Amino acid sequence: MAMLATVWIVLLAVNIQAGDGQSVQMDSIKSGFVGSQVELRCIFVNSNPPVKISQVTWQKFLNGTKQNVAIANPSLGVSVLPPFKERVTFKQAAVRHRTPSLEDTTIMFSNLRLSDEAAYICEYTTFPAGNRENMVNLTVFARPLTRMTLTTPTIVARPQKRKMTVATCLSANGKPQSVIKWDTRLKGEATFQETQNSNGTVTVRSNYVVVPSRETHKQKLTCIVTYRNERITDSVVLNVQYEPEVKIEGFDGNWYLNRQDVSLTCNTDANPPVTVYQWKLLNGSLPSTVEIRNNSLIFKGAVTYELAGTYVCDATNGIGTRTGLVEVNVTEFPNNPPPGGREIPQEQHNAGAVIGGAVGGVVLLAAAATLLFVFLRRRQRTFKGDYSTKKQVFGNGYSKAGGLPAHPPIPNNLQYPDDSDDEKKPTQIAVTGGFEASERDFDGDTEDLKRPYFTVDEGESQDYDERTLAFQYNPGPDIADDMVSQTDGSVISKKEWYV
């Protein structure tokens, strides 16, 4: 598609003023696009008294060479030379009269060309002052031809996922050259190429490369061309063809015996659309109660164990065939339907089981910690034992250092009956102030109070009579402040308690 570019011409003028008052006035700079029109101004300022204008000549000055463009002579008239004859005229009609006025010899340049770019001289020949001239530099610009095209009308996404050029943005025959950018959400890359043309223009080409896929379908791609102060945009929408994406829906994880109105649907995303659907049951045949309706399986009647299995849907379009599958499980009872009758999806059941297990674990840990605390506390409070190998326990288990102040003197000798064993009870041997336990004196158990037992260190062991336990006992002082009573009636030193 050809299009005539317009050119902008820039004229640079230098006013030359003669010492006697004559001067040639011109524009300092002019510009225009190829195909457009530009005005080159040239005005002679005469002196007083005025000089006579013999001729006016326009010349093109390029690479040190002058070429006549147009001439105005008071006697001979106006002449425009090729190749400017059809495109250059004097603006003022008075220049073309029989008795012309040559003070204003501005020319109109129409249908500008790139080859018109040069410096132009306007020269006045006068008598008797001689020649007076001025020069303007003419620059020609070309607006580029910009277009954006798809590389191919049909873009196909292949399984190999290869990159391909999907669109091209072109800015041709520009002077100066353009700058191309892309605006899109696509994850692609752009390539750029510049070509210098023989007429001084530049062609810029940019290709956009992506991997065609289902995600690139219907994506917008915009080319932005910046030429000088202009901004040109063009857009396309990609049409990508791809194989079907298949997903089977309808199984909610709660197909139970005698449930009614269940079905499976083969949903697809494809370009072009799917034309053929094929259903099958993996490692078996479709149940006799199933009806195929387009892309759906309708199961008639109640759900039975016969419906369990892996269902496969093959979807085919003009690009290829893709498969989707779903595993159907049938249970005897519903998965805990709520009171309203609405079924709970399998995912919610699984989530509930996980939460319940976590809560149960926390409760068990808390109970175990509580029991351990109670056990240790009770053991600490009811401890019976020898806290020191140097301590002796006599009589009813009271420590020597921790005897009760109200304890009566213990008899020196205790004798067992003939038929007694280790657990036999003692009897008193006619000793004044015999040992008698009472609830008034002790809070402990009566049997414990009556049982004499003691501990001694190995180094302090003595020989005792087989039937008589004889020992000396000196009651200690009153309970000291550092003593601690036990639940069985004994008293233990705080120092021994915490050691």
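The structure contained in this document is the topic of the report that follows. Note that the coordinates shown come from a computational prediction; the quantities given were computed from them, not determined experimentally. (Residues numbered from 1 in each chain as written. Predicted model: local features only at pLDDT ≥ 70, side-chain atom pairs only at ≥ 80, totals over all residues. Heavy atoms only, no water.)

Quick notes on the packing of aromatic side chains
Pairs of aromatic rings are described using the distance from one ring centre to the other and the angle between the two planes. The condition is simple: Two rings from Phe, Tyr or Trp (for Trp, the six-membered ring) form a pair when their centres sit within 6.5 Å of each other. Planes less than 30 degrees apart are called stacked, planes more than 60 degrees apart edge-to-face, and all others tilted. Where helices and strands are cited, they refer to DSSP runs of H or I of at least four residues and of E of at least two residues respectively, numbered from the N terminus. Think of it in three bands: with a 1.4 Å probe and only protein chains considered, a residue is buried below 20% of the maximum accessible area for its type, exposed above 50%, and partly exposed in between.
Here the structure, examined in full by the defined rule, presents 7 aromatic pairs. Between Phe109 and Tyr120, the ring centres sit 5.6 Å apart and the planes meet at 70°, which makes this aromatic pair edge-to-face. In this pair, Phe109 is assigned in strand S12 (residues 107-109) and Tyr120 in strand S13 (residues 118-127), connecting sequence segments 11 residues apart. As far as burial versus exposure is concerned, Phe109 and Tyr120 are alike and both buried.

A few points about a nonpolar patch on the surface
To keep it simple, the criterion reads: Patch building starts from residues that exceed 30% relative accessible area and form no salt bridge, then joins like charges within 9 Å and nonpolar side chains (Val, Leu, Ile, Met, Phe, Trp, Tyr) within 5 Å. For accessible areas, the Shrake-Rupley method is used with a probe of radius 1.4 Å. Any residue's cover is judged against the shown protein chains and nothing else. By definition, a salt bridge exists where a carboxyl oxygen of Asp or Glu is found within 4 Å of a side-chain nitrogen of Lys or Arg.
On the surface, Leu372, Phe375 and Leu376 cluster together into a nonpolar patch covering about 310 Å² of accessible area. Along the chain, Phe375 falls in helix H1 (residues 346-381).

Examining the sheet that holds strand S6 (residues 38-40)
Think of a sheet as strands paired side by side through backbone hydrogen bonds, with each pair either parallel or antiparallel. Quick reminder of the rule: By the convention used here, strands pair only if DSSP detects at least 2 bridges between them. Angles here are taken between N-to-C directions and fall from 0 to 180 degrees, while the axes themselves are lines fitted to C-alpha atoms, restricted in helices to the stretch in contact.
In space, the 3 strands of this open sheet follow the order S6-S12-S11, with antiparallel pairing throughout. Only two strands of the sheet have a single neighbouring strand rather than two, namely S6 and strand S11 (88-90). Ignoring strand direction, the axes of neighbouring strands in this sheet form an average angle of 25°. Bridge count between S11 and S12: 3 bridges; the pairing is antiparallel. Within S12, the residue paired with Thr89 across the bridge is Met108.

Notes on the pattern of salt bridges
Evaluation of the coordinates by the stated rule reveals 16 salt bridges. Residue Arg87 is joined to Asp116 by a salt bridge in which the shortest nitrogen-to-oxygen separation is 2.7 Å. Placement of the pair is Arg87 in the loop between strand S10 (77-80) and S11 and Asp116 in the loop between S12 and S13, with a sequence separation of 29 residues. Given the relative accessible area of 1%, Asp116 is considered buried. The partner of Arg322 in a salt bridge is Glu243, with the nearest N and O atoms 3.8 Å apart.

A closer look at the side chain of Asn73
Which entries qualify depends on this criterion: In the analysis that follows, any N or O atom pair within 3.5 Å is treated as a polar contact, provided that within protein one partner can donate a hydrogen and the other can accept it, and provided that, for residues neighboring in sequence, both atoms belong to side chains. We call two residues in contact when some of their heavy atoms are within 4.5 Å.
Its location among the elements puts Asn73 in strand S9 (residues 65-73). Note on Asn73: relative accessible area 13%, which makes it buried. A polar contact of 3.0 Å, which involves the side chain of Asn73, links it to the side chain of Gln55. Separated by 2.8 Å, the side chain of Asn73 and the backbone nitrogen of Ser75 make a polar contact. Residues within four places of Asn73 in sequence aside, it is in contact with Ser54, Gln55 and Pro100.

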